[in-house]
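Per-entry structural report
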Amino acid sequence: ASTAGSRTSEEAARIDRKSNQIYQQPVVKQFHLGMFEIGRPLGKGKFGRVYLARERSSGFVCALKVLMKNEIQQGKVEKQVRREIEIQSNLRHPNVLQLYGHFHDSSRIFLILEFAGKGELYKHLRKENRFPEWKAAQYIAQMAAALKYLHKKHVMHRDIKPENILVGIHGELKISDFGWSVHAPNNRRNTMCGTLDYLPPEMIKPGAQDNYYTEKVDLWSLGVLTYEFLVGEAPFEDTPVMTQRRIARGEMTVPNFVSPEAKDLIRRLLVLDPEKRIPLEQVQKHPWIIKHCVKGERASMRDSKSTGN
Ligand SMILES: CCc1cccc(CC)c1NC(=O)n1cc2c(c1)/C(=N\C(=O)c1ccc(N3CCN(C)CC3)cc1)N=N2
């Protein structure tokens, strides 16, 4: 295959004679509102509304997120919106909601997002109260894969919670809302708003001199997410003051209906010392994940027989 370096920047696409492939460089298209047919509203958040949309020429279905410039300015979140666009535009993973492009007019910013056909995960969780272990394990495996991808690109999400996860048409999870994500390491203190439940100890009580934290914050949140999927509420849920104290001390109890394997994974993620949290590779190989995610042993044996390895 060609070496990317040899490709000059203005080339949009080229035929590689050897492999007779077309290497399509993303052509940065200019988008505008007239290109889209707007459908039903899908949801609304603090700073925006999202609509089902279809790009007229291609018929491509997407989600159009509309942010009001004046609300963004008043909320002093321009930087976050800029970061969300910059970070999410460069990400491509089946469990990360894709941002295809963006544009703006005099009063609004528009984000062209991947359409997640089954909506918000937290609504599914509230409706089902809590997920069966096989479903929770498959969801956590997908989140671990997404986080591994993000961390490889030195992006930490920092706001992993059910409210920021969408469900695709085939039931796959999609991390969204990169408003709080940053490139690691991050040694700036950011005032966080919203729920405290998912914050790790190092973000709750950063040492005076070193409020330095890394991607390990997402490991803590993955632990909180695992707990909430299985129990139906967050592990440190309490009054704001008590929540902070319980997080800082890692005080939580796992109900008996949670299997020992799941309890083991939760305890290995909810570790106060960020360096001692189980790494994502180990999460993906954890017995609880393997038990629910790898097709039965016989099935995999069948695979290996057929491929003969
Ligand atoms: C502006 C809204 C907002 C604010 C803050 C954070 C986020 C990310 C979660 C968002 N949403 C966002 O960016 N979103 C980007 C999106 C997106 C939201 C979305 N789909 C839906 O919101 C949705 C909702 C309900 C739905 N149905 C519910 C009823 N069911 C019977 C059938 C399926 C199907 C899809 N697809 N891309």
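An account of the accompanying structure is given in this report.

The rules we used
- Residues numbered from 1 in each chain as written.
- Predicted model: local features only at pLDDT ≥ 70, side-chain atom pairs only at ≥ 80, totals over all residues.
- Heavy atoms only, no water.
- Patch = residues over 30% accessible without salt bridge, like charges linked within 9 Å, V, L, I, M, F, W, Y side chains within 5 Å.
- Areas by Shrake-Rupley, 256 points an atom, 1.4 Å probe, with all protein chains shown as cover.
- Salt bridge = Lys/Arg side-chain N within 4 Å of Asp/Glu carboxyl O.
- Lys, Arg positive; Asp, Glu negative; His and termini not counted.
- Charge placed at Lys NZ, Arg CZ, Asp CG, Glu CD.
- Helix = DSSP H or I, 4+ residues; strand = E, 2+ residues; numbered from the N terminus.
- Buried < 20%, exposed > 50% of the residue type's maximum accessible area, 1.4 Å probe, protein only.
- Contact = heavy atoms within 4.5 Å.
- Near = heavy atom within 4 Å.
- Polar contact = N/O pair within 3.5 Å; in protein donor to acceptor, adjacent residues only side chain to side chain.
- Nonpolar A, V, L, I, M, F, W, Y, C, P; charged D, E, K, R; others polar.
- Pairing = 2+ DSSP bridges.
- Axes fitted to C-alpha atoms, helices over the stretch in contact; angles between N-to-C directions.
- Core = buried A, V, L, I, M, F, W, Y, C linked by side-chain atoms within 4.5 Å.
- Parallel < 35°, antiparallel > 145°, perpendicular 65-115°, else oblique.
- Left-handed = near helix turned anticlockwise from the far one by under 90°.
- Phe/Tyr/Trp six-rings, centres within 6.5 Å; stacked < 30°, edge-to-face > 60°.

Remarks on a positive patch on the surface
On the surface, a cluster of positive charge is made up of Arg92, Lys148, Lys152, Lys153 and Lys285. Structurally, Lys152 can be placed in helix H4 (residues 133-152). Classification of Lys152 by relative accessible area gives exposed; the value is 64%.

Observations concerning unusual backbone geometry
Despite not being glycine, Lys76 shows a phi value in the positive range, around 50°. Looking at where Lys76 falls in the secondary structure, it is placed in the loop between helix H1 (69-74) and helix H2 (78-89). On the basis of relative accessibility, which here comes to 68%, the residue Lys76 falls in the exposed class. Backbone geometry at Asn129 places phi at a positive 70°, although glycine is not the residue there. The exposure class of Asn129 is partly exposed, given its relative accessible area of 47%.

Quick word on the side chain of Asn164
Positionally, Asn164 belongs in the loop between strand E8 (155-156) and strand E9 (165-167). In contact with Asn164, not counting residues within four places along its chain, are His157, Asp159, Lys174, Ile175, Ser176 and Asp177.

Quick word on the site of the ligand
Neighbouring the ligand are 20 residues, the closest being Gly48, Ala63, Lys65, Glu114 and Ala116. Between the ligand and the protein, one listed contact pairs a nitrogen atom with a backbone N or O atom of Ala116 at 2.8 Å. Surface burial for the ligand is 74%, taken as the share of its 760 Å² of free accessible area covered by protein chains. For the shell around the ligand, the elements supplying multiple residues, two or more each, are strand E3 (36-44), strand E4 (48-55) and strand E5 (61-68). Considering only residue class, the shell around the ligand consists of eight nonpolar, five polar and seven charged.

Some thoughts on the sheet that holds E5
Pairing is antiparallel in the open sheet, where five strands are placed in the order E3-E4-E5-E7-E6. Two strands in the sheet have a free side with no partner beyond their single neighbour: E3 and strand E6 (99-104). The sheet shows a mean angle of 25° between the axes of neighbouring strands, direction not considered.

What about the nonpolar core?
Of all hydrophobic cores here, the largest spans 57 residues; its most connected members are Ile140, Leu150, Leu222, Leu225, Phe229 and Trp288. Considering every element that reaches this core, the biggest residue donor is H4, with 11 residues. Ignoring anything within four residues of it in the chain, the contact list for Phe229 reads Leu121, Leu125, Arg130, Phe131, Ala136, Tyr139 and Ile140.

What to know about the environment of Ile204
Structurally, the position occupied by Ile204 is in helix H5 (residues 201-204). By relative accessible area, which is 16% here, Ile204 ends up buried. As for Ile204 and Leu150, which are separated by 54 residues in sequence, their C-alpha atoms are 23 Å apart. Contacts of Ile204, omitting those with residues within four sequence positions, involve Leu196, Leu199, Gln244 and Ile247.

Quick word on the packing of H4 against helix H6 (residues 216-231)
Following both chains from N to C, one finds H4 and H6 inclined at 165°, their axes separated by 10 Å at the closest point. The angle between H4 and H6 places the two elements in the roughly antiparallel class. Every pair of crossing elements has a handedness; the one defined by H4 and H6 is right-handed. Facing Glu133, Ala136, Tyr139, Ile140, Met143, Ala144, Leu147 and His151 of H4, the residues of H6 in contact are Asp218, Leu222, Leu225, Thr226, Phe229 and Leu230. Partitioned by chemical class, the residues of the contact of H4 with H6 number 10 nonpolar, two polar and two charged.

Section: the packing of aromatic side chains
By the definition in use, this model includes eight aromatic pairs. Judged by centre distance (4.7 Å) and plane angle (15°), the rings of Phe103 and Phe110 are stacked. As far as the burial class goes, Phe103 and Phe110 line up, both buried. Relative to Phe229, the ring of Phe131 has its centre 5.3 Å away and its plane inclined at 65°; by these criteria the two rings are edge-to-face. Note that Phe131 is positioned in the loop between helix H3 (121-128) and H4 and Phe229 in helix H6, a separation of 98 residues in sequence.

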